Amino acid sequence: MNSLFTEYRTFVTRAVREPSTVGAVLPSSPVLAREMAAVVPSTERPVVVELGPGTGALSGAIAQRVPEGGRHVAVEIDPGMCEHLRATHPGLEVLEGDAERLGELLAGVGIHSVDAVVSGLPWSLFDAESQRRVLREVGGVLAPGGGFTTIAYAHALGLRGARLFRHRLGELFDEVITSRTVWRNVPPARVYVCRRPVLRG
Ligand SMILES: C[S@@+](CC[C@H](N)C(=O)[O-])C[C@H]1O[C@@H](n2cnc3c(N)ncnc32)[C@H](O)[C@@H]1O
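Residues numbered from 1 in each chain as written. Predicted model: local features only at pLDDT ≥ 70, side-chain atom pairs only at ≥ 80, totals over all residues. Heavy atoms only, no water.

- Looking up the chain in an unreviewed UniProt entry gives the name SAM-dependent methyltransferase, with the organism given as Actinopolyspora mortivallis.

Brief notes about the site of the ligand
- Lining the immediate environment of the ligand, one finds 23 residues, of which Val22, Ser28, Gly52, Glu76 and Ala99 sit closest.
- Within the contact set of the ligand, an oxygen atom lies 3.5 Å away from a backbone nitrogen or oxygen of glycine 54.
- Protein contact buries 97% of the 600 Å² of open area that the ligand shows by itself.
- Of all the secondary structure elements, the ones that give two or more residues to the shell around the ligand are α2 (19-22) and β2 (71-76).
- Class assignment for the residues of the shell around the ligand results in 14 nonpolar, six polar and three charged. (Near = heavy atom within 4 Å. Polar contact = N/O pair within 3.5 Å; in protein donor to acceptor, adjacent residues only side chain to side chain. Areas by Shrake-Rupley, 256 points an atom, 1.4 Å probe, with all protein chains shown as cover. Helix = DSSP H or I, 4+ residues; strand = E, 2+ residues; numbered from the N terminus. Nonpolar A, V, L, I, M, F, W, Y, C, P; charged D, E, K, R; others polar.)

Some remarks on the pairing of strand β1 (residues 47-51)
- Counting buried positions over the five residues of β1 gives five, a clear majority of the element.
- Alternating residues of β1 divide into Val47, Val49 and Leu51 and Val48 and Glu50, and every residue in both groups is buried.
- Bridging between β1 and β2 involves five bridges; their strand directions are parallel. Within β2, the position partnered with valine 49 by the bridge is valine 73.
- Between the parallel pair β1 and β2, the chain is carried across by helix α4 (residues 59-65), and the sense of this crossover is right-handed.
- In the sheet, β1 pairs with strand β4 (residues 114-119) via four bridges, with the strands oriented parallel. If you follow valine 48 over to β4, its bridge partner there is alanine 116. (Buried < 20%, exposed > 50% of the residue type's maximum accessible area, 1.4 Å probe, protein only. Pairing = 2+ DSSP bridges. Right-handed = clockwise from strand over helix to strand, strands pointing away.)

Side note on the nonpolar core
- In terms of nonpolar packing, the biggest core is built from 29 residues, with Val49, Leu51, Leu106, Phe148, Leu169 and Phe173 touching the most fellow members.
- Looking at which element gives the most residues to this core, the answer is helix α7 (residues 128-141), with four residues.
- If sequence neighbours within four positions are ignored, phenylalanine 173 has contacts with Leu135, Val138, Leu142, Phe148, Cys194, Arg195, Arg196, Pro197 and Val198.
- Counting 17 residues, the second-largest nonpolar core is a separate cluster that includes Leu32, Val39, Val66 and Ala189. (Core = buried A, V, L, I, M, F, W, Y, C linked by side-chain atoms within 4.5 Å. Contact = heavy atoms within 4.5 Å.)

What about the UniProt feature "domain: Ribosomal RNA adenine methylase transferase N-terminal" (unreviewed entry) in the chain?
- Annotation from UniProt places "domain: Ribosomal RNA adenine methylase transferase N-terminal" (unreviewed entry) at residues 32-168.
- Summarising residues 32-168: 38% helix, 24% strand, and an end-to-end C-alpha distance of 23 Å. (UniProt positions renumbered as here; feature names shortened; annotations may be inferred.)

What to know about the side chain of histidine 72
- Position of histidine 72 relative to the elements: it lies in strand β2.
- For histidine 72, a relative accessible area of 8% puts it in the buried group.
- In this structure histidine 72 touches Val48, Glu50, Ser59, Ile62, Ala63, Gly91, Leu92 and Glu93, once residues within four positions along its chain are discounted.

Observations concerning the packing of aromatic side chains
- Within this structure, the stated rule accounts for three aromatic pairs.
- Ring geometry for tryptophan 123 and phenylalanine 126: centres 5.7 Å apart, planes at 75 degrees, overall edge-to-face.
- For tryptophan 123, a relative accessible area of 5% puts it in the buried group.
- Accessibility expressed as a relative area gives 24% for phenylalanine 126, which makes it partly exposed.
- By the ring-pair criterion, three or more aromatic residues cluster together here, those being Trp123, Phe126 and Phe165. (Phe/Tyr/Trp six-rings, centres within 6.5 Å; stacked < 30°, edge-to-face > 60°.)

Details of the pattern of salt bridges
- Inspection of every chain in the model, using the stated rule, returns seven salt bridges.
- The salt bridge partner of arginine 180 is glutamate 35, with a shortest N-O separation of 3.1 Å. One end of the pair, arginine 180, is in the loop between β6 (173-178) and β7 (189-197); the other, glutamate 35, is in helix α3 (residues 30-37), and 145 residues separate them in sequence.
- Taking the relative accessible area as the measure of exposure, arginine 180 reaches 54% and is therefore exposed.
- Among the ionic pairs, glutamate 93 bridges to arginine 71, the shortest N-O distance being 2.8 Å. Within this pair, whereas glutamate 93 is found in strand β3 (residues 93-96), its partner arginine 71 is found in strand β2, the two being separated by 22 residues in sequence.
- Residue glutamate 93 is classed as partly exposed on the basis of its relative accessible area of 27%.
- Residue arginine 71 is classed as partly exposed on the basis of its relative accessible area, which comes to 26%.
- Taken together, the shared-partner salt bridges in this structure form one network comprising Asp174, Glu175 and Arg196. (Salt bridge = Lys/Arg side-chain N within 4 Å of Asp/Glu carboxyl O.)

What follows is the structure, given as C-alpha cells:
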C-alpha cells in the first residue's frame, strides 16, 4: 500500500480517536518539515529530539540532516503513533511518553544534552502550566548553542492563546525568531526558532 496513504490513514484515525492529544487534521507538509528541520546540525554527531512526531511527517526531513553517528530520538505519547513510527522509521529511537517528562525519558536512554529539539506538539491543547513545564524541560536539556523549533499556524497568530504562547517562548528563550509563512502546508504555518534558554530546572 502507498506509504503516504498509510501515513494519512494512521494520522486521521488517531486524530479522530484522540482529538485531545493529536490536535491537527493533517500531518505537516514536506516544505514545512524542511523548514523545521533546518535547526538540526548536519555536521559531527548531533543528538536530536523530536516531540510529538505523530506519524513522522517531520521525521524524514530530520533524518536526512542527521549525519551517521548522530542520534534521532522521538518522544510520542500515543501508543498507536509509536507503533506506526517503529514500523515505518527504523532509524528513529521511539520513546513512548509525555514530553512533560522529557529530561527523565532522555536520561533513561543515556542522553543528558541535546543539540536540537523539533516540536510538532499541539500547544493549543495544553494549559499554560503544561506549556511551561514542557518548555522548561526543553530548556533543561538543550546544549549551549542548541536550537528548538516549533510550529505556529498563521491563521491563529492573532488569537489570545497563540499570543500568550509566543510571550511564553520569549520568557523562556533569549532569542525567538519567526520564519516567513510556509504557504504549502494545511493550514499555512510559521516556524519559531528559539535559542539560549533563560530558565533552567
Ligand atoms: C499535531 S500532531 C503532529 C504530528 C507531526 N509532528 C506533524 O507535524 O505532522 C501532534 C502529536 O503530538 C502528540 N502529543 C500530544 N501531546 C503530547 C505529549 N504531552 N507528549 C508527547 N507527545 C504528545 C500527539 O499524540 C500527536 O502525535
